[in-house]
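Below are the chains, spelled out letter by letter.
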Amino acid sequence: MADRLFDDAYLAALYDLWYPRPLRDDYDFYLPRIMAAGSVLDAGCGTGTLLADARARGHAGRLVGLDPAPGMLACARRHADIEWVLGDLASARWEGEFDLIVMTGHAFQAMVEDADLAAAMAAVRRALAPDGRFAFETRNPAVRAWERWRPENASTIAGPGGEAVTITTRVTAPFDGRTVSFTHSFTGDHPALPQVSGSTLRFLDEAGLEALLSAAGLTIVERYGDFDGGPPSAQSPEIVVIAGVA
Ligand SMILES: C[S@@+](CC[C@H](N)C(=O)[O-])C[C@H]1O[C@@H](n2cnc3c(N)ncnc32)[C@H](O)[C@@H]1O
């Protein structure tokens, strides 16, 4: 089941206001690769802004966005010149159709169980064209990002109608070597509020990623530690991977 944050229409409409385009250095990393690929699948596309940006920049090929959350996909469907599909990656049945599959905004970490991750990587392998690439990132567990997910770091943003919405994050189950669980509380002067959304994210290290990809017939061809293309290190915030068919 999708997190309430992605499922609920009002909370989904907050997403791009919370993470506006100028803050999305990940999009700056993925967009040139999308523009260079003829057919692209955005797995966990959320509100669809990445593919919409590619289309607006003149991408003339096939663009498909996939997401299991109705709230997020309803936002994406406003862009009528892109194919939007409701579903999760593990259930995807495309065969050899995509030059590039991207998974951004740490959507990869929303796949928690080993069986779901394995099925999702098998679906990626199936959906990729022979020279296709799978590009995604996951937070480097060594830098323990969840230690900053604390109520004192709450942020207040302007909601869709200009109303102030405060978002407070609390870790409910700390890192156990595998996952972190937390809640986002949304408060403010709007009939849809207050709301609480619970999430669990998986944290894999590089060795875990390599094993997962290799079991699915995928191999890492490029790796970075951030969206500026810096090398991976123990301190780098992200593990950014570009994988191909092994
Ligand atoms: C943090 S949002 C990121 C959205 C978008 N990719 C971005 O960069 O803004 C994570 C998205 O992953 C989706 N998601 C969660 N589990 C998924 C799965 N198993 N397969 C595909 N997408 C999934 C959620 O519904 C949500 O829209």
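That block above? That's the structure.
Residues numbered from 1 in each chain as written. Predicted model: local features only at pLDDT ≥ 70, side-chain atom pairs only at ≥ 80, totals over all residues. Heavy atoms only, no water.

## Quick look at the pattern of salt bridges
Item 1. All chains considered together, the criterion is met by 13 salt bridges.
Item 2. Note that Asp28 is salt-bridged to Arg21, the shortest N-O span being 3.0 Å.
Item 3. Given a relative accessible area of 47%, Asp28 falls into the partly exposed group.
Item 4. The salt bridge involving Arg21 is made with Asp53; its shortest N-O contact spans 2.9 Å. In this pair, Arg21 sits in the loop between helix H2 (9-18) and helix H3 (25-35) while Asp53 sits in helix H4 (residues 49-56), placing the two residues 32 residues apart along the sequence.
Item 5. A residue is classified by how much of its surface remains accessible, and Asp53, at 15% relative accessible area, is buried.
Item 6. In this structure, a network of salt bridges that share partners links the residues Arg21, Asp28, Asp53 and Arg57. (Salt bridge = Lys/Arg side-chain N within 4 Å of Asp/Glu carboxyl O. Buried < 20%, exposed > 50% of the residue type's maximum accessible area, 1.4 Å probe, protein only. Helix = DSSP H or I, 4+ residues; strand = E, 2+ residues; numbered from the N terminus.)

## What about the sheet that holds strand S9 (residues 195-202)?
Item 1. Spatially, S6-S7-S8-S9 is the arrangement adopted by the four strands of the open sheet, whose pairing is antiparallel. Every interior strand has two partners, whereas the edge strands, strand S6 (155-158) and S9, have only one. Between one strand axis and the next, the sheet turns by 30° as a mean value, whatever way the strands run.
Item 2. Bridge count between strand S7 (residues 164-173) and strand S8 (residues 179-188): eight bridges; the pairing is antiparallel. Its bridge partner lying in S8, Ile167 is registered against Phe186.
Item 3. Sheet strands touched by H2: S6, S7, S8 and S9. Its angle to S6, the strand with the most contacts, is close to 100°. (Pairing = 2+ DSSP bridges. Axes fitted to C-alpha atoms, helices over the stretch in contact; angles between N-to-C directions. Contact = heavy atoms within 4.5 Å.)

## Details of the site of the ligand
Item 1. Around the ligand, a shell composed of 18 residues is seen, among which Tyr15, Arg24, Gly44, Asp67 and Thr104 lie nearest.
Item 2. In this structure, an oxygen atom belonging to the ligand sits 2.8 Å away from a side-chain N or O atom of Tyr15.
Item 3. Arg24 is positioned with one of its side-chain polar atoms (N or O) 2.7 Å from an oxygen atom of the ligand.
Item 4. Within the complex, 92% of the 600 Å² of free accessible area of the ligand lies under protein.
Item 5. When its residues are assigned to classes, the shell around the ligand shows eleven nonpolar, four polar and three charged. (Near = heavy atom within 4 Å. Polar contact = N/O pair within 3.5 Å; in protein donor to acceptor, adjacent residues only side chain to side chain. Areas by Shrake-Rupley, 256 points an atom, 1.4 Å probe, with all protein chains shown as cover. Nonpolar A, V, L, I, M, F, W, Y, C, P; charged D, E, K, R; others polar.)

## Description of the sheet that holds strand S4 (residues 98-103)
Item 1. Reading across from one edge, S3-S2-S1-S4-S5-S11-S10 is the order of the seven strands in this open sheet, with mixed pairing throughout. Because the sheet does not close on itself, it has two edges, and the strands there are strand S3 (83-86) and strand S10 (218-224). The sheet shows a mean angle of 20° between the axes of neighbouring strands, direction not considered.
Item 2. Note: strand S5 (residues 128-139) against strand S11 (residues 238-245), seven bridges, orientation antiparallel. Of the residues in S11, the one forming a bridge with Thr138 is Ile239.
Item 3. Where H3 meets the sheet, its contacts fall on strand S1 (39-43), strand S2 (62-67), S4, S5, S10 and S11, and the angle it forms with S4 comes to roughly 165°.
Item 4. Packed on one face of the sheet, helix H6 (residues 114-127) meets S4, S5, S10 and S11 and runs near 145° to S5.

## Quick word on the packing of aromatic side chains
Item 1. The tally for this structure, following the rule as stated, stands at 16 aromatic pairs.
Item 2. Their ring planes at 90° and their centres at 5.1 Å tell us that Phe29 and Tyr30 sit as a pair that is edge-to-face.
Item 3. For Phe29, a relative accessible area of 5% puts it in the buried group.
Item 4. Looking at Tyr30, the relative accessible area reads 1%, which means it is buried.
Item 5. For the pair Phe175 and Phe203, a centre-to-centre distance of 5.9 Å together with 75° between the ring planes defines the contact as edge-to-face. Of the two residues, Phe175 is situated in the loop between S7 and S8 and Phe203 in the loop between S9 and helix H7 (206-215); the sequence distance between them amounts to 28 residues.
Item 6. Using a relative accessible area of 26% as the deciding quantity, one classes Phe175 as partly exposed.
Item 7. Grouping aromatic residues by their ring pairs yields a cluster made of Phe6, Tyr15, Trp18, Tyr19 and Phe186.
Item 8. Sitting above the plane of the Phe29 ring, Arg33 keeps its charged end 4.1 Å from the centroid. (Phe/Tyr/Trp six-rings, centres within 6.5 Å; stacked < 30°, edge-to-face > 60°. Lys NZ or Arg CZ within 6 Å of the ring centre and 35° of its normal.)

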